[in-house]
Amino acid sequence: MDPIEYQGNIERFLCEKATINHTPINAILELTPLCNMNCDMCFVRLGPEEMRQKGRLRTTEEWISLGKEMCDAGTLFVLLTGGEPLLYPGFRETYTALKKMGMILTVNTNGTLINEEWADFFAKHTPRRINITLYGKDNRTYQKLCHYPEGFQKTIKAIRLLRERDVDVKINGSITPENIEDLDDLFSIVERMGVVWKFDTYMYPASREREAKFDDRSRLTADDAAAARVKLIEKREGNENFSSFARNFIKQGEAAPGDYIAPTVKCRAGRSSFVINWQGMMRPCVMLSSPEEAVFNIGFIAAWKRIVEKFGTIRLSPKCNACTMREVCQTCAACAKLETGSYGDMPGYMCQYTEQTLKLMKEALAGKQTIENNE
Ligand code: SF4
Ligand code: SF4
Ligand code: SF4
């Protein structure tokens, strides 16, 4: 999961170089765990009382001072998130200060708080992009999944307000048992709005600072998640491109076996990317609670060095490295750790999800070919 999207080859090159050199170019700052919604599958949200028991929000001055250290260390891309980041009292001040430092900013929000005033703010201080999560096709699904019935109307209004002001918006979505029935309507909504979208069907079973363990009922079974994934791919590729995409996917999913060795982490986590949560704990990845370092106590550079060192010792499953489906599988360090309790084990849910995706891709391709032959 790459939370930050790059624009063009220069940015990609910069990030790849940063990953080789262990330069912390990508930051995710979780300004607050508070949120006005309460989604079933959330792994971050805390209520005000829960938050007080676990710590305090860091001040605007602390974030801005940390931003300066990040800037000096080479951080360029910053994702501001939460909880709901617009609830952080010093959001505007922190945001504008980071922007003045030259950071390229993206904001993750549920959108429900964005009114004319917020939209004007973002129009004046333009972010790279605002990612808005759309949880369902109407207020009924928002009630079921997010326990916030008026969420749908508010989110749609936010998207409209931002787009009227030429602020770049992307719609994200998480497909769960509560909104799987909405999939076709969600497609119609994003198509009508003409926005970039990305819906995920795999849910990491993370619980982070929350007391309650991840509830498996809040995600789809691996088979249902795979079916939704294939449907999403069909939608994204359209009739013209699906067959060639599927053929390529199937070919990649039947690679020659790799070496039976335990590899190091392959993504940017702890190599050029880091997260700092609302308490001020630096971690390599948003899904994980460890390793972690208290960045406001020991300083940015010291915390980053320790994260690089600790996460660099992690070894992933040799079975995954040898697996013929590895090129189309979404497994990663966080997936293995959260699914199995160990970085080095093979996550069974992910195996089933990948295997079923491949099977359904083959069936969908065969179906398309039969239709084409009959035309
Ligand atoms: S470990 Fe997994 S979830 Fe974390 S950043 Fe890497 S790919 Fe994304
Ligand atoms: S909107 Fe996001 S942060 Fe808030 S409860 Fe839902 S998933 Fe969690
Ligand atoms: S998680 Fe399963 S399918 Fe994915 S690479 Fe590992 S063994 Fe293969």
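Just so you know, these numbers come straight off a predicted model, no measurement behind them. The written sequence of each chain sets the order in which its residues are numbered from 1. The naming scheme follows written order: chains are lettered A onward, ligands numbered 1 onward. Residues qualify for local features only when their pLDDT is at least 70, as the model is predicted, and side-chain atom pairs are given and counted only at 80 or more; totals for whole chains, interfaces and linings, by contrast, use all residues.

### Concerning the sheet that holds strand β9 (residues 293–294)
Within a sheet, adjacent strands bond to each other through the backbone by hydrogen bonds, running parallel or antiparallel.
Next, step 1: A pair of strands is treated as paired once DSSP finds two or more bridges between them. Secondary structure elements are defined from DSSP: runs of H or I of at least 4 residues count as helices, runs of E of at least 2 residues count as strands, and each element is numbered from the N terminus. Spatially, 9 strands are ordered β6-β5-β4-β3-β2-β1-β7-β8-β9 in an open sheet, and the strand pairing comes out mixed. The open sheet has two edge strands, β6 (196–200) and β9, and neither has a second partner.
Next, step 2: Pairing of strand β2 (residues 77–81) with strand β3 (residues 104–109) involves 4 bridges; the strand directions are parallel. Within β3, the residue paired with phenylalanine 77 across the bridge is isoleucine 104.

### Here's the deal with the domain arrangement of the protein chain
Quite often, the size of an interface is put as the accessible area lost when its parts meet.
Next, step 1: Partitioning the protein chain into structural domains gives domain 1 (8–221 + 270–314) and domain 2 (222–263 + 315–370).
Next, step 2: A separation of 26 Å is found between the C-alpha centroids of domain 1 and domain 2.
Next, step 3: With 16 residues of domain 1 in contact, the opposing surface of domain 2 contributes 19 residues.
Next, step 4: Its residues assigned to classes, the side of domain 1 that touches domain 2 comprises 14 nonpolar, 2 polar and no charged. Segment limits for the domains were obtained from an automatic or database-derived domain assignment. We call two residues in contact when their backbone-placed C-beta atoms lie within 7 Å. Classes in brief: Ala, Val, Leu, Ile, Met, Phe, Trp, Tyr, Cys and Pro nonpolar; Asp, Glu, Lys and Arg charged; the others, Gly included, polar.

### As for the site of ligand 3
Next, step 1: For ligand 3, the full set of nearby residues is Lys319, Cys320, Cys323, Met325, Arg326, Cys329, Thr331, Met346, Pro347, Met350, Cys351 and Thr354.
Next, step 2: Of all the elements in the fold, those that place two or more residues in the shell around ligand 3 are α12 (318–322) and α14 (348–374).
Next, step 3: Among the elements that make up the shell around ligand 3, the one with the highest residue count is α14 (3 residues).
Next, step 4: Looking at the shell around ligand 3, its residues break down into 8 nonpolar, 2 polar and 2 charged. Any residue whose C-beta atom, as placed from the backbone, lies within 6 Å of a molecule or strand is termed near it.

### Structural notes on helix α6 (residues 139–146)
Along an α-helix, residues three or four positions apart point the same way, because every turn accommodates 3.6 residues.
Next, step 1: Counting other C-beta atoms within 10 Å of each residue's C-beta, where C-beta atoms are placed from the backbone, gives the exposure class: buried for 20 or more, exposed for 12 or fewer, partly exposed between. By the burial criterion, the buried members of α6 are Thr141, Tyr142, Leu145 and Cys146. In an axial view of α6, the angular spread of the buried residues amounts to 100 degrees, which keeps them on one side of the axis.
Next, step 2: Remark: histidine 147 follows α6 within two positions and exhibits a positive phi of approximately 55 degrees. Throughout, the arc means the angular range of directions from the helix axis out to the C-beta atoms.

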